[in-house]
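Working through the structure, step by step
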Amino acid sequence: QVQLVESGGGLVQPGGSLRLSCAASGSIFSISAMRWFRQAPGKQREWVASSISGGTDDADSVKDRLIKYEDSVKGRFTIYRDIDDNTVYLQMLDVKPEDTAAYYCNAAIRSSPRGAVRDYWGRGTQVTVSS
């Protein structure tokens, strides 16, 4: 079993900052990608940022790590990973009211050397940007 647990959400004023964390635990052989999504009330869940490992078998390689951001968060949000702790972070700067949403962590994880890569989700952490 694999679990993803997010933390770090809360109430923050516009222009402020927040750091979200997502820790993966359980039966983990390798993690090929970790992503953040968000869902605002009444809206569909949308992708925010990705950290994707390069290579094929060496899924945890730091080299060639592909980082991508949704356009509205570029220059304000930073995604980064702690490989040793199987944790991904989302540093949020200059937050705006439209960033208000439940933020979800997603990870593509292989539990054994020859096992299939499976998608896992956390339960989310709420971020509210308001004065």
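Residues numbered from 1 in each chain as written. Predicted model: local features only at pLDDT ≥ 70, side-chain atom pairs only at ≥ 80, totals over all residues. Heavy atoms only, no water.

1. Notes on the confidence of the model for the protein
On average, the protein scores 90 in pLDDT, and the residues at 70 or more come to 91%. Taken as a whole, residues 55–62 scores under 50 in pLDDT and shows 13 contacts with residues more than four places along the chain or in a different chain. (pLDDT = per-residue confidence, 0-100. Contact = heavy atoms within 4.5 Å.)

2. Side note on the pairing of strand β10 (residues 117–121)
Sheet topology places strand β9 (residues 101–110) next to β10; five bridges connect them, and they run antiparallel. Paired with N106 across the bridge in β10 is W121. (Pairing = 2+ DSSP bridges. Helix = DSSP H or I, 4+ residues; strand = E, 2+ residues; numbered from the N terminus.)

3. Details of the sheet that holds strand β1 (residues 2–7)
Strand order across the open sheet formed by four strands is β1-β3-β8-β7, with antiparallel pairing between neighbours. Edge strands, defined here as strands with exactly one partner in the open sheet, are β1 and β7 (77–82). With direction set aside, neighbouring strand axes in the sheet form an average angle of 15°. The pairing of β1 with strand β3 (residues 18–26) spans six bridges and is classified as antiparallel. (Axes fitted to C-alpha atoms, helices over the stretch in contact; angles between N-to-C directions.)

4. Observations regarding the environment of I79
For I79, the location among the structural elements is in strand β7. The buried category is assigned to I79, whose relative accessible area is 4%. Sequence-wise, I79 and W121 are 42 residues apart; in three dimensions their C-alpha atoms are separated by 17 Å. I79 has contacts with M34, R35, W36, A49, S50, S51, I67, Y69, V88, Y89 and L90, leaving out every residue within four places of it along the chain. (Buried < 20%, exposed > 50% of the residue type's maximum accessible area, 1.4 Å probe, protein only.)

5. Observations concerning the packing of aromatic side chains
Enumeration over the complete set of coordinates arrives at two aromatic pairs. Aromatic side chains Y80 and Y89 sit 5.0 Å apart centroid to centroid with 20° between the ring planes, which places their arrangement in the stacked category. Accessibility expressed as a relative area gives 32% for Y80, which makes it partly exposed. A relative accessible area of 14% places Y89 in the buried class. Here the basic side chain of R45 rests over the ring of Y104, its NZ or CZ set 3.7 Å away from the ring centre. R45 extends its terminal NZ or CZ atom over the ring of W121, reaching a point 4.8 Å from the ring centre. (Phe/Tyr/Trp six-rings, centres within 6.5 Å; stacked < 30°, edge-to-face > 60°. Lys NZ or Arg CZ within 6 Å of the ring centre and 35° of its normal.)

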